[in-house]
Amino acid sequence: MSETNPYSTPQEPLTPELQRLWAIAVHALGIVLEFFAPLLGYLFLKDRGPFIRHHVTESLNFGITMLLLYVALAISIVGWFFFWVPPIIWTVFRIIAAYKASLGDFYRYPLSIRLVKN
């Protein structure tokens, strides 16, 4: 027996064009809102189609990886000199991811710890 919430209504899958648009938006908003845009995208869009699920999961995993990198840099004394590196890394890779999403490709961030599974 599967337990479902009787008060929730299942959401319709998004069209391929809307999935691509939202994937681009999640990656692009991740430049400014590094962890929060992917988290919100994952919470609200993960069940709306396979393409958007892949992209929000990848974006969230990359955001978690960048957050862990900042924690590691903050803990080490030498790391304080390299606080300028993660914004460059996430800006470059998020632009690449948004571009790949616009082409309809399933992009995987390199150097990303995959804690959240598809």
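Nothing here was measured: the structure is a model prediction, and the numbers come from that model.

(A) Quick peek at the nonpolar core. Residues Leu14, Ala23, Val26, Tyr42, Leu45, Phe51, Ile52, Val56, Leu60, Ile64, Ala101 and Val116 constitute the largest nonpolar core, which totals 12 residues. No other element matches the five residues that helix 3 (residues 50-75) contributes to this core. Judged by nonpolar contacts, the second largest core, of seven residues, contains Met66, Phe93, Ala97 and Tyr109.

(B) Expanded view of helix 1 (residues 16-32). Relative to the 24 Å expected for 17 residues at 1.5 Å per residue, helix 1 spans 25 Å between its end C-alpha atoms, a close match to the ideal helical length. Among the residues of helix 1, Gln19, Ala23, Val26, His27 and Gly30 are the ones counted as buried. Buried residues along helix 1 cover an arc of 90° about the axis, so they all sit on one side. Opposite the packed face of helix 1, turned more than 90 degrees from it, sit the exposed residues Glu17, Leu21 and Val32. Contact partners of the buried residues in helix 1: helix 2 (36-45), helix 3 and helix 4 (85-103).

(C) Spotlight on the packing of helix 3 against helix 4. Two elements in contact, helix 3 and helix 4, have axes whose closest approach is 11 Å; the angle formed by their N-to-C orientations is 175°. Relative to helix 4, the element helix 3 is oriented roughly antiparallel. Taking contact as the criterion, the partners of Phe51, His55, Ser59, Phe62, Gly63, Met66, Leu69, Tyr70 and Leu73 in helix 3 are, on helix 4, Pro86, Pro87, Ile89, Trp90, Phe93, Arg94 and Ala101. Partitioning the contact of helix 3 with helix 4 into residue classes produces 12 nonpolar, three polar and one charged.

(D) Spatial organisation of the environment of Arg20. The residue Arg20 is located in helix 1 in this model. Spatially, the C-alpha atom of Arg20 lies 6.5 Å from that of Gly104, the residues being 84 residues apart in sequence.

(E) Representation of a nonpolar patch on the surface. Side chains of Val78, Phe81, Phe82, Trp84, Ile88, Val92 and Ile96 sit close together on the surface and give an oily, nonpolar patch of about 730 Å² of accessible area. Within the secondary structure layout, Val78 lies in the loop between helix 3 and helix 4.

Definitions and limits used
Residue positions are given per chain, counted from 1 along the sequence in the order it is written. Predicted model: local features are reported for residues with pLDDT of at least 70 only, side-chain atom pairs are reported and counted for 80 or more only, and whole-chain, interface and lining totals are derived from all residues. Hydrogens and water molecules were not included; the side-chain quantities draw on all heavy atoms of the structure. Buried Ala, Val, Leu, Ile, Met, Phe, Trp, Tyr and Cys residues form a nonpolar core when they are joined through side-chain atoms within 4.5 Å. Only protein chains enter the calculation, and the probe is 1.4 Å; a residue is then buried if its accessible area is under 20% of its type maximum, exposed if over 50%, and partly exposed in between. Think of it this way: any DSSP run of H or I at least four residues long counts as a helix, any run of E at least two long counts as a strand, and we number them from the N terminus. Multiplying 1.5 Å by the residue count of a helix minus one yields the expected span of that helix. The reported arc concerns the directions from the helix axis to the C-beta atoms and nothing else. Any pair of residues with heavy atoms lying within 4.5 Å of one another is described as a contacting pair. Axis definition: a line fitted to C-alpha atoms, limited for helices to the stretch in contact. Angles are taken between N-to-C directions and run from 0 to 180 degrees. Angle categories are assigned with fixed cut-offs, so that under 35 degrees is roughly parallel, over 145 is roughly antiparallel, 65 to 115 is roughly perpendicular, and the rest are oblique. Note on residue categories: nonpolar means Ala, Val, Leu, Ile, Met, Phe, Trp, Tyr, Cys or Pro, charged means Asp, Glu, Lys or Arg, and polar means any other residue, Gly included. Only residues whose relative accessible area exceeds 30% and that form no salt bridge are eligible for patches; like-charged ones are grouped when within 9 Å, while nonpolar side chains (Val, Leu, Ile, Met, Phe, Trp, Tyr) are grouped when within 5 Å. Here the Shrake-Rupley method, with its probe set to 1.4 Å, supplies the accessible areas, and only the displayed protein chains count as covering residues. A pair is scored as a salt bridge if a Lys or Arg side-chain nitrogen falls within 4 Å of a carboxyl oxygen belonging to Asp or Glu.

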